[in-house]
Amino acid sequence: MAAAVVASLFVLGVILVILGPISWLVAGKTVQRLSGKDRADAINTVRQTLLAAIAGATVFASLAYTARTYLLSRRGQVTERFRAAVENLASDKLEVRLGSVYSLEHVLSESAVDHAAVVKVLAGFVRNNTHRGATREPSAFPELRNGLRTAPDWEVELSADIQAAVEALARRPKRNEPRRVDLRHTNLAGLSLRHFEFESPPRLEWMFLTSADLRRADLRGVNMKRTILNNADMCFAWLVNARCDRAALCRVDLRGALLNGTNFFEADLSGADLRETDGLTAKQLAAATIDEETRLPDYLVGDPWVAARLADCRVWAASNQQRFCAPPTPQP
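A brief look at the structure comes next. Keep in mind that what you see is a predicted model, and the values were worked out from it rather than measured.

1. A closer look at the overall build of the chain
Alright, step 1. Across its full length, the chain carries 7 helices and 2 strands.
Alright, step 2. Secondary structure of the chain in N-to-C order comes out as α-α-α-α-α-β-β-α-α.
Alright, step 3. Within the chain, counting contacts between residues at least 6 apart in sequence, those at least 24 apart form 42% of the total.
Alright, step 4. Put simply, the chain shows about 18100 Å² of open surface, and 58% of that area lies on carbon and sulfur atoms.

Right under this line is the structure:
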């Protein structure tokens with residue numbers, strides 16, 4: 001009660017000060033020289049202007065305070081959703097883990113501030129639960145013909161929560177990412193990221209997929225620009241119309257892969273195994289880095305364009321140029 005009385009007296013005092021000394025100060029000598037009705041009208045006009053200005057400032061301050069309160073409340077809600085989703089990722093129920101992944105994706109799409117944290121959590125979830133050799137038994141990969149290394153049956157698929165987590169990473173908003181998404185040594189055999197199932201081409205670009213298991217992965221139309229895939233196993237992967245420009249594919253096993261329309265512009269295919277691939281052309285290799293250890297399909301061995309490209313790459317490597325890759329080799 002006493003506080004209310006004090007507050008009322010304070011407000012009344014402020015009003016009196018505004019209507020008194022402050023109004024005369026603002027009015028200045030011009031109004032003070034007036035007399036009678038003109039002086040009264042002028043000072044009243046000054047007082048009305050001051051009160052209107054103060055009312056407007058009060059409304060603005062109120063709006064600013066309301067906006068700040070809303071933003072803080074919303075930030076708190078996002079933080080709580082993030083915390084709950086991370087905790088539920090450890091659940092032993094698939095449905096709960098799936099819900100956590102989708103909740104994290106919502107946070108990722110709504111909050112640029114949490115982008116790096118959400119990406120790290122999703123990548124860590126995939127990496128920790130699919131480390132090569134931890135989730136698949138050797139018996140799940142029967143031997144294939146022609147001496148190819150083992151590959152999963154066509155029926156073998158990733159678990160739904162891992163598939164959802166990779167899809168969320170492939171749909172992540174395009175924002176500045178100082179570090180690559182880390183999916184090294186992951187077992188992603190049978191992964192499916194087909195471009196026609198996404199609103200825009202799925203993005204596996206700017207990632208570490210070093211030594212990843214991507215056997216029989218369906219990556220049609222996927223963007224893997226600037227991704228590091230060195231030593232990855234991509235036997236029988238579907239890379240039709242995929243973007244692998246400027247990707248690091250050193251010593252990648254691509255035997256049996258479908259490479260129709262795959263973009264290898266300035267990709268590093270040093271030591272890659274491209275035997276028994278389908279759809280690969282000399283034109284695709286004309287702007288990529290290849291070397292003597294790059295194993296080619298039989299129909300490209302001895303191809304004049306490929307031979308010219310190999311020679312250009314050899315000269316470029318010996319010159320120690322700073323350019324990422326030798327310039328494209330024109331068709332002989």
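On we go from here.
2. Side note on the packing of helix H3 (residues 94–110) against helix H5 (residues 160–170)
Alright, step 1. Viewed as axis vectors pointing N to C, H3 and H5 meet at an angle of 5 degrees, and their least axial separation amounts to 9 Å. Taken together, H3 and H5 sit at an angle that is classed as roughly parallel. Contacts between H3 and H5 involve Leu 94, Arg 97, Leu 98, Val 101, Tyr 102, Glu 105 and Leu 108 from the former and Ala 160, Asp 161, Ala 164, Ala 165 and Ala 168 from the latter.
Alright, step 2. Class assignment of the residues belonging to the contact of H3 with H5 gives a composition of 9 nonpolar, no polar and 3 charged.

3. Brief notes about H3
Alright, step 1. For H3, built from 17 residues, the straight-helix expectation of 24 Å at 1.5 Å per residue is met to within 8% by its first-to-last C-alpha distance of 25 Å.
Alright, step 2. The set of residues buried in H3 consists of Arg 97, Leu 98, Ser 100, Val 101, Leu 104, Glu 105, Val 107 and Leu 108.

4. Here's the deal with helix H4 (residues 115–129)
Alright, step 1. Given a rise of 1.5 Å per residue, 15 residues ought to cover 21 Å, and the 21 Å separating the end C-alpha atoms of H4 matches this to within 8%.
Alright, step 2. Looking only at H4, the buried set comprises His 115, Val 118, Val 119, Leu 122, Ala 123, Gly 124, Phe 125 and Val 126.

5. What to know about the packing of H4 against H5
Alright, step 1. Their axes nearest at 10 Å, the elements H4 and H5 cross at an angle of 145 degrees. For the crossing formed where H4 meets H5, the hand is left-handed. Judged by residue contacts, Val 119, Leu 122, Ala 123, Phe 125, Val 126 and Asn 129 of H4 engage Asp 161, Ile 162, Ala 165, Val 166, Ala 168 and Leu 169 from H5.
Alright, step 2. Grouping the amino acids of the contact of H4 with H5 by side-chain chemistry returns 10 nonpolar, 1 polar and 1 charged.

6. Topic: the nonpolar core
Alright, step 1. Counting 66 residues, the largest nonpolar core has Leu 219, Met 234 and Leu 249 as the members making the most contacts within it.
Alright, step 2. Going through the elements one at a time, helix H2 (36–88), H3, H4, H5, helix H6 (282–285) and helix H7 (304–319) are the ones with two or more residues in this core.
Alright, step 3. The contact partners of Leu 219, leaving out residues within four places of it in the chain, are Leu 191, Leu 193, Leu 204, Met 224, Met 234, Trp 238, Leu 239 and Ala 242.

Cut-offs applied
Residues numbered from 1 in each chain as written. Predicted model: local features only at pLDDT ≥ 70, side-chain atom pairs only at ≥ 80, totals over all residues. Heavy atoms only, no water. Helix = DSSP H or I, 4+ residues; strand = E, 2+ residues; numbered from the N terminus. Contact = heavy atoms within 4.5 Å. Areas by Shrake-Rupley, 256 points an atom, 1.4 Å probe, with all protein chains shown as cover. Axes fitted to C-alpha atoms, helices over the stretch in contact; angles between N-to-C directions. Parallel < 35°, antiparallel > 145°, perpendicular 65-115°, else oblique. Nonpolar A, V, L, I, M, F, W, Y, C, P; charged D, E, K, R; others polar. Expected span 1.5 Å × (residues − 1). Buried < 20%, exposed > 50% of the residue type's maximum accessible area, 1.4 Å probe, protein only. Left-handed = near helix turned anticlockwise from the far one by under 90°. Core = buried A, V, L, I, M, F, W, Y, C linked by side-chain atoms within 4.5 Å.

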